[in-house]
Amino acid sequence: MQTLMPGDKVSVEGPYGRLSVPLGSTPIVVLIAGGIGITPIISILSYLATSTKTALDVKQIVFIWTVRNNHMIRAFQDDLVQAYGSKIVQLHIYNSHGGSPHQDNTAVGSTESPPKYLEAFHGRPDIHKLLTEVSQTASMVGVYACGPDTLMSSVETAVAHLNSSTSAHFLLHTETFAL
């Protein structure tokens, strides 16, 4: 990479990963992203929220994303507004560097009339609490998460606890990124 010059041709391949929990295999899907971990998660959200495939039996999608600022939210505004319009999607977006525990309803808006707004909560999500709420409505939940080590640890701990203490069964797929 250090010897590349402007105009050099390069070949790019991948990604080659695959999900360990098949999409659509559970009635409830929880998508959790931290920061740039949104990259694979937003594709899953868009696919599930707009899929017309009858093989998918997804009744509810819970999307949880933690960002450092609202600029990240704006980068994915079109996908988020599209998902926001789906009857099966619940969006939970958190601005971890916000100073107030109140919602910021001006975070992102669509250009539709009347405008739809995506709420950005200040602080970090309580993953255990959010997954506990989900566990009360289904016996099988697919959880897909991508983010930094601390978030993935929180998700793994919550899922392990809930799998041993509730009647719901959580199927977990995680991807961790680190520098």
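Residues numbered from 1 in each chain as written. Predicted model: local features only at pLDDT ≥ 70, side-chain atom pairs only at ≥ 80, totals over all residues. Heavy atoms only, no water.

S.K.: Describe the overall build of the chain, with residues and values.
M.R.: Counting its secondary structure elements, the chain contains 5 helices and 7 strands. Going through the 179 residues of the chain one by one, you find that 42% of them count as buried. Within the chain, residue pairs in contact and separated by at least 24 positions form 76% of the contacts whose partners lie at least 6 positions apart. Here the chain displays about 10,500 Å² of accessible surface, and carbon together with sulfur accounts for 53% of that area. (Helix = DSSP H or I, 4+ residues; strand = E, 2+ residues; numbered from the N terminus. Buried < 20%, exposed > 50% of the residue type's maximum accessible area, 1.4 Å probe, protein only. Contact = heavy atoms within 4.5 Å. Areas by Shrake-Rupley, 256 points an atom, 1.4 Å probe, with all protein chains shown as cover.)

S.K.: Before we move on, can you summarise a nonpolar patch on the surface with the specific residues and values?
M.R.: A cluster of nonpolar side chains, Leu4, Val10 and Val12, forms an exposed patch at the surface whose accessible area comes to about 300 Å². As for its placement among the helices and strands, Val12 is situated in the segment before strand S1 (28-34). (Patch = residues over 30% accessible without salt bridge, like charges linked within 9 Å, V, L, I, M, F, W, Y side chains within 5 Å. Salt bridge = Lys/Arg side-chain N within 4 Å of Asp/Glu carboxyl O.)

S.K.: Could you give me a rundown of the layout of surface pockets, with the residues and numbers involved?
M.R.: Considering only enclosed or pocket space, the largest pocket measures out at about 410 Å³ in volume. Of all the secondary-structure elements, those providing two or more residues to the lining of the largest pocket are strand S2 (60-67) and helix H5 (149-165). Of all the elements, H5 adds the most residues to the lining of the largest pocket, at 3 residues. Residue classes in the lining of the largest pocket are distributed as 8 nonpolar, 7 polar and 2 charged. (1 Å grid on protein atoms, 1.4 Å probe; cavity = no way out; pocket = protein on both sides within 12 Å on 5 of 7 lines; lining within 4 Å. Points joined across faces, edges and corners; volume = space filled by probe spheres on them. Nonpolar A, V, L, I, M, F, W, Y, C, P; charged D, E, K, R; others polar.)

S.K.: Could you give an account of helix H1 (residues 38-50), with specific residues and numbers?
M.R.: Over its 13 residues, H1 runs 18 Å from end to end, which matches the ideal 18 Å to within 8%, given 1.5 Å per residue. Along H1, the residues that are buried comprise Ile38, Ile41, Ile42, Ile44, Leu45, Ser46, Leu48 and Ala49. Of the surrounding secondary structure, the elements contacted by the buried residues of H1 are S1, S2, helix H3 (77-84), strand S3 (89-95) and strand S6 (140-147). (Expected span 1.5 Å × (residues − 1).)

S.K.: Could you give an account of the pairing of S6, with specific residues and numbers?
M.R.: The buried fraction of S6 is high, at 7 of 8 residues. The sheet contact formed by S1 and S6 spans 6 bridges and is parallel. The partner of Leu31 across the bridge, within S6, is Tyr144. After leaving S6, the chain enters H5 and then returns to the sheet as strand S7 (residues 169-176), a path that is right-handed. (Pairing = 2+ DSSP bridges. Right-handed = clockwise from strand over helix to strand, strands pointing away.)

S.K.: Run through the environment of Thr137, naming residues and quoting values.
M.R.: Tracing the backbone through its elements, the reader meets Thr137 in the loop between helix H4 (127-135) and S6. Filtering out sequence-adjacent residues up to four positions away, Thr137 remains in contact with Ile28 and Gln60. Within polar-contact distance, the side chain of Thr137 engages the backbone oxygen of Val134 at 3.0 Å. (Polar contact = N/O pair within 3.5 Å; in protein donor to acceptor, adjacent residues only side chain to side chain.)

S.K.: Kindly report on the confidence of the model for the chain, identifying the contributing residues and their values.
M.R.: For the chain, mean pLDDT is 81; residues scoring 70 or higher make up 79% of the total. Throughout residues 99-116 the model reports pLDDT below 50, and contacts reaching past four residues in sequence, or to other chains, amount to 35 contacts. (pLDDT = per-residue confidence, 0-100.)

S.K.: Explain the packing of H4 against H5 to me, and be specific about the residues and the numbers.
M.R.: Helix packing geometry: the angle between the two helix axes and the distance between the axes. Between H4 and H5, the shortest axis-to-axis distance is 9 Å and the interhelical angle comes to 40°. Looking at the two axes, H4 sits oblique to H5. When the axes of H4 and H5 are compared, the crossing they make is right-handed. Across from Ile127, His128, Leu131 and Thr132 in H4, the residues of H5 making contact are Leu151, Ser154, Val155, Ala158, Val159, His161 and Leu162. A class-by-class count of the residues in the contact of H4 with H5 yields 7 nonpolar, 4 polar and no charged. (Axes fitted to C-alpha atoms, helices over the stretch in contact; angles between N-to-C directions. Parallel < 35°, antiparallel > 145°, perpendicular 65-115°, else oblique. Left-handed = near helix turned anticlockwise from the far one by under 90°.)

S.K.: Tell me about the nonpolar core, residues and numbers included.
M.R.: Counting 25 residues, the largest nonpolar core has Leu31, Ile41, Leu45, Phe63, Trp65 and Leu80 as its most contacted members. With 23 residues, the next largest nonpolar core counts Ile28, Tyr94, Val143 and Ala158 among its residues. (Core = buried A, V, L, I, M, F, W, Y, C linked by side-chain atoms within 4.5 Å.)

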